[in-house]
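Residue strings, one per chain:
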Amino acid sequence: MQLQRNTMERRKFIEQTAIADAGFIIAKPFNNFSQDQQKIKDMSKNIPSRGYAAKDASGRLSPWTFERRPVGDNDILIDIKYASICHSDIHQMRGDWGKQPYPQVPGHEIVGIVAAVGKNVTKFKVGDRAGVGCMVDSCMECESCKHGEEHYCDHGATVFTYGAPDKTSPSGITQGGYSNNIVVRDHFAVHIPDHIKLEDAAPLLCAGITTYSPLMNARFKIGDKVGVAGIGGLGHLAVKLAVSKGAEVYAFTTSPSKVKDILAFGAKEVIVVDDISKLKPYRKKLDYMISTIPAQFDVAAYASTVKPFGHFTQVGMPVGFELTLSNIGLANTRVNFNASLIGGIPETQEVVHYCADNKIIPSIQVIKAQQINEAWTKVLNKEARYRFVIDAASF
């Protein structure tokens, strides 16, 4: 009963936050910083930006100077301090998810300091710490958007942080966070609390919310056995989050070198799956499993570790967005299979605060922009430990 009450209270909080934050409440707009006429004039111009962009599908990035749109009435300008590397960046720049427009700047785990705000903005003021995740706009009018699920916009109007058609962008598409600044609609930025380092907060804007949202929706109980498959940028946070919620975590990895780390994250047991037969001893053992594996794999074999009528959530996105399933194999497990995207803005704000309050800190390696290509190679080779974070001062 207590768990049900807490869940209801949390859902009510998210929906109330979404409605208040969506801009549908009536409030008197005000300027959050003093502007002279020159500053107003400057805000009407495109914003110079520099970063690293893919110029083709080779998977190599190089320096690029470009422009952001002017700061609009409902926008904020963020001076980026850190942007972390997600496997999704690599997939998209290489065209794994379809043909891409170039040049394109990736990056959707972005943190920095607010440098300017539009005249209607009340959510932020100059000097605030802010973060931007996987999306930068939506219709803001449908039921999903008004209830904190902008990523599931009923009108299909979700605008993702990079590579999405964008009439307001001088380049014609959204450009991401591997750069020194970004202009974004204020609703799609979240506050970064003072009690977490900016570089530690960056991975929470994608890896954090992508695992937090399905874990919360799973509603597992303290002491439940939760499996995490694939221990990389997303998976290592899934382990830490599930442990923090009281789960008994079983981590499944193909990398023996990660075992010591994963145990230090709080997992009860680490299973090195160098052969699919290693899953057999865990058949029907788990109450729930989340998979962050971003490639084709034997879903039914992993799902068989979950108890009949339990749930298995897939969040890893393979090449082409398509995952091959054995219908008979999955049917024989009697496990409920589902997939999940990221999370809405209110829930993203929630996970940032939760991690800051509970000291759930991603394991990161800070790099300079000139090391991006090397870092991408390490991600592909499963050598990241566990999130590369780019120091934007090096752009």
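Residues numbered from 1 in each chain as written. Predicted model: local features only at pLDDT ≥ 70, side-chain atom pairs only at ≥ 80, totals over all residues. Heavy atoms only, no water.

In the nomenclature of an unreviewed UniProt entry, the protein is known as NAD(P)-dependent alcohol dehydrogenase of Filimonas effusa. Checking UniProt for the protein, the heading Sequence similarities (unreviewed entry) contains the comment "Belongs to the zinc-containing alcohol dehydrogenase family." According to its UniProt record, the protein has this under Cofactor (unreviewed entry): "Zn(2+)". (UniProt positions renumbered as here; feature names shortened; annotations may be inferred.)

**Student:** Lay out unusual backbone geometry in plain terms, naming residues and giving numbers.
**Tutor:** The omega torsion across tyrosine 102 and proline 103 is -5°, close enough to zero to call that bond cis. Along the polypeptide, proline 103 turns up in the loop between α3 (87–93) and β4 (110–117). Here the residue pair arginine 385 and tyrosine 386 is connected by a cis peptide bond, since its omega of -5° sits within 30 degrees of zero. Turning to its location among the elements, tyrosine 386 is positioned in the loop between α12 (372–380) and β17 (387–391). In this model, lysine 382 sits at a positive phi of 65°, which is unusual for a non-glycine residue. When you line up the elements, lysine 382 lands in the loop between α12 and β17. Overall, lysine 382 belongs to the partly exposed group, its relative accessible area being 46%. (Helix = DSSP H or I, 4+ residues; strand = E, 2+ residues; numbered from the N terminus. Buried < 20%, exposed > 50% of the residue type's maximum accessible area, 1.4 Å probe, protein only.)

**Student:** Talk me through the pattern of salt bridges; I want residue IDs and the actual numbers.
**Tutor:** A complete count under the given rule lists twelve salt bridges for this structure. Among the salt bridges present, the one from aspartate 128 reaches lysine 125, with a minimum N-O distance of 3.0 Å. The closest approach of N and O atoms between lysine 278 and aspartate 274, which form a salt bridge, is 2.7 Å. According to the relative accessible area criterion, lysine 278 is partly exposed, its value standing at 36%. (Salt bridge = Lys/Arg side-chain N within 4 Å of Asp/Glu carboxyl O.)

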